[in-house]
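The lines below spell out each chain.
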Amino acid sequence: MIQPAPNDQPHVMKTYGRLPIALTHGQGCRAWDTEGREYLDALGGIAVNTLGHAHPRLVAALQDQVAKLIHTSNYVHIPLQQELAARLCELSGMSNAFFCNSGLEANEAALKIARKFGHDRGNTEPEIMVFERAFHGRSLATLSATANPKIHAGFGPLVGGFVRVPLNDLAAVEKALHEHPRITAIFLETIQGEGGVNPARVEFLQGLRELCDRHDKLLMLDEVQCGIGRTGKWFAHQWAGVVPDVMPLAKGLGSGVPIGAVVCGPRAATVLQPGNHGTTFGGNPLAMRAGVETLRIMTEDGLLAHAESVGAQMKAELERELGAVPGVKDIRGQGLMLGVELDRPCGALLAHACEAGLLISVTADSVIRLVPPLVMTHEEAHEVVARLAPLVRAFLQATDAPPAAAPAPSSAHTSADTSAPAKATA
Ligand SMILES: Cc1ncc(COP(=O)(O)O)c(C=O)c1O
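Here the structure is a predicted model, which means the values were calculated and not measured.

Enquirer: Would you mind going over the confidence of the model for the protein chain with me for this structure?
Expert: As a general rule, the predicted coordinates of low-pLDDT regions are not to be interpreted in detail. The share of residues in the protein chain with pLDDT of 70 or more is 93%, and the mean pLDDT across the chain is 94. Low pLDDT, under 50, characterises residues 408–426; the predicted model gives this stretch 24 contacts beyond four residues in sequence or across chains.

Below is the structure:
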């Protein structure tokens, strides 16, 4: 049994429930803790460590950059910003990028673009359509765009101006657009991550694109978690053949170095003008070099096709090992963004996995999420399933199934009725 470290970090604010280990170093998809125990990393720093740990080419590039220039300021030109922006535009078919430091900052910039897009058209009280089970970050605006009441709790009053509808329900979107003419943008994760690995369907994304074109709205796709090659394409929406107007990125873009970007197409790229937005650290040379080198190494090493094939293998093995196990509700996701949904809360599995030398996560209470580095080998993917499946089976045997759901009341307007769009804010 792993024991909590004796020094429980008394001066660090307790904002996280942490596993009782501390990692000291890593290599590829393996990491080691202070006691010398080895872990297979199927979490990748929560979909961040694209190239795994200590990738030799990334390490060399970052060492080179640190020795030259870590930070300047945005008072001066930063050529690496142009290099990374050009590459992101080439890969996405979009036209301009703004750089920041995290996912929530990228989303915050997107929300400001959506509002200003409205103001520029004389809409001084713009609204933004968001979705059930969405997660967009923990600043006041992005937590207000997030659907999870646990994340709202204690932080009201929330930022207003959000209209929430169910995911993958085009009729609900059309209805909300009709009822809320001040909506300027539709904002969603292409694959919801924290909400439980819930993909927006291809036809839904295509329908949203068509509606946004028809009604002069911005389509804003949060690819903070699912983007940067994780699904086997550079950006998950590319499976649907659509191009958004605004695309926030972060996590995997710097392979571990903090970075965020909001990439815009022509309809959104000039909305923010000098003085409208900025950041001290955003786009600094170290972060930009991490982004440039991450994309370069991904391209050179064919990591998109690799992620697709390793992910397909992992999903097939999960289905074979767990698909028929009572208590396993669904196995879903694409590439190396996979979720195994159980019929009961399963946060306790994190500690069991950790003891078995496996790093994973649980989202939406009951979904085991696997978002490993994209360099994970086929053998390692097999090992992940070989370690995880017995833990899941044992957990399901040792815990009680939830009580059967009560029969639905006959009224059409129950709290489970998600067909009507509702204001996100009270
Ligand atoms: C889809 C999505 N958007 C935004 C965020 C927020 O990113 P950050 O934690 O870097 O602020 C996350 C983080 O999990 C995310 O998954």
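Enquirer: Got a minute to help me understand the nonpolar core in this structure?
Expert: Looking at soluble globular proteins, one finds that nonpolar side chains tend to be buried together. Counting residues in each nonpolar core, the largest one holds 121 residues, and the members touching the most others are F187 and A261. The greatest single-element share of this core, amounting to eight residues, is contributed by helix 9 (residues 285–300). Shared between two domains, this core takes at least three residues from each, and those domains are domain 1 (23–54 + 302–398) and domain 2 (58–300).

Enquirer: Explanation requested: helix 10 (residues 303–322) in the structure shown.
Expert: Because each turn of an α-helix spans 3.6 residues, side chains separated by three or four positions end up pointing in the same direction. Taking 1.5 Å as the rise per residue, helix 10 with 20 residues should run 28 Å; its terminal C-alpha atoms sit 27 Å apart, in good agreement. What helix 10 keeps buried is the set L303, H306, A307, V310, G311, M314, K315, L318 and L322. Taken around the axis of helix 10, the buried residues stretch over an arc of 155°, which confines them to a single face. Exposed positions of helix 10 whose direction lies more than 90 degrees from the buried face are A305 and R320.

Enquirer: It is not clear to me how the pairing of strand 14 (residues 337–342) should be interpreted in this structure. Could you clarify?
Expert: Within a regular beta strand, the side chains point alternately toward one face of the sheet and then the other, so they alternate between its two faces. Of all six residues that make up strand 14, six are buried, and the element is covered over most of its length. Both faces of strand 14 are covered, namely the face carrying M337, G339 and E341 and the face carrying L338, V340 and L342. Counting the residues in the hairpin turn of strand 13 (residues 328–334) and strand 14 gives two residues, including G335, whose phi is positive at 55°. Note that strand 14 and strand 17 (residues 367–370) share four bridges and pair antiparallel. For E341, the partnering residue across the bridge sits in strand 17 and is V367.

Enquirer: Explanation requested: the sheet that holds strand 17 in the structure shown.
Expert: Within a beta sheet, neighbouring strands are joined by backbone hydrogen bonds and run either parallel or antiparallel to one another. If you walk across this open sheet you meet the four strands as 13-14-17-16, and the pairing is antiparallel. Only two strands of the sheet have a single neighbouring strand rather than two, namely strand 13 and strand 16 (361–363). The sheet shows a mean angle of 25° between the axes of neighbouring strands, taken without regard to direction.

Conventions we followed
- Residues numbered from 1 in each chain as written.
- Predicted model: local features only at pLDDT ≥ 70, side-chain atom pairs only at ≥ 80, totals over all residues.
- pLDDT = per-residue confidence, 0-100.
- Contact = placed C-beta atoms within 7 Å.
- Core = buried A, V, L, I, M, F, W, Y, C linked by C-beta atoms within 7 Å.
- Buried ≥ 20, exposed ≤ 12 C-beta atoms within 10 Å, placed from the backbone.
- Helix = DSSP H or I, 4+ residues; strand = E, 2+ residues; numbered from the N terminus.
- Domains from an automatic or database assignment.
- Expected span 1.5 Å × (residues − 1).
- Arc of directions from axis to C-beta.
- Pairing = 2+ DSSP bridges.
- Axes fitted to C-alpha atoms, helices over the stretch in contact; angles between N-to-C directions.

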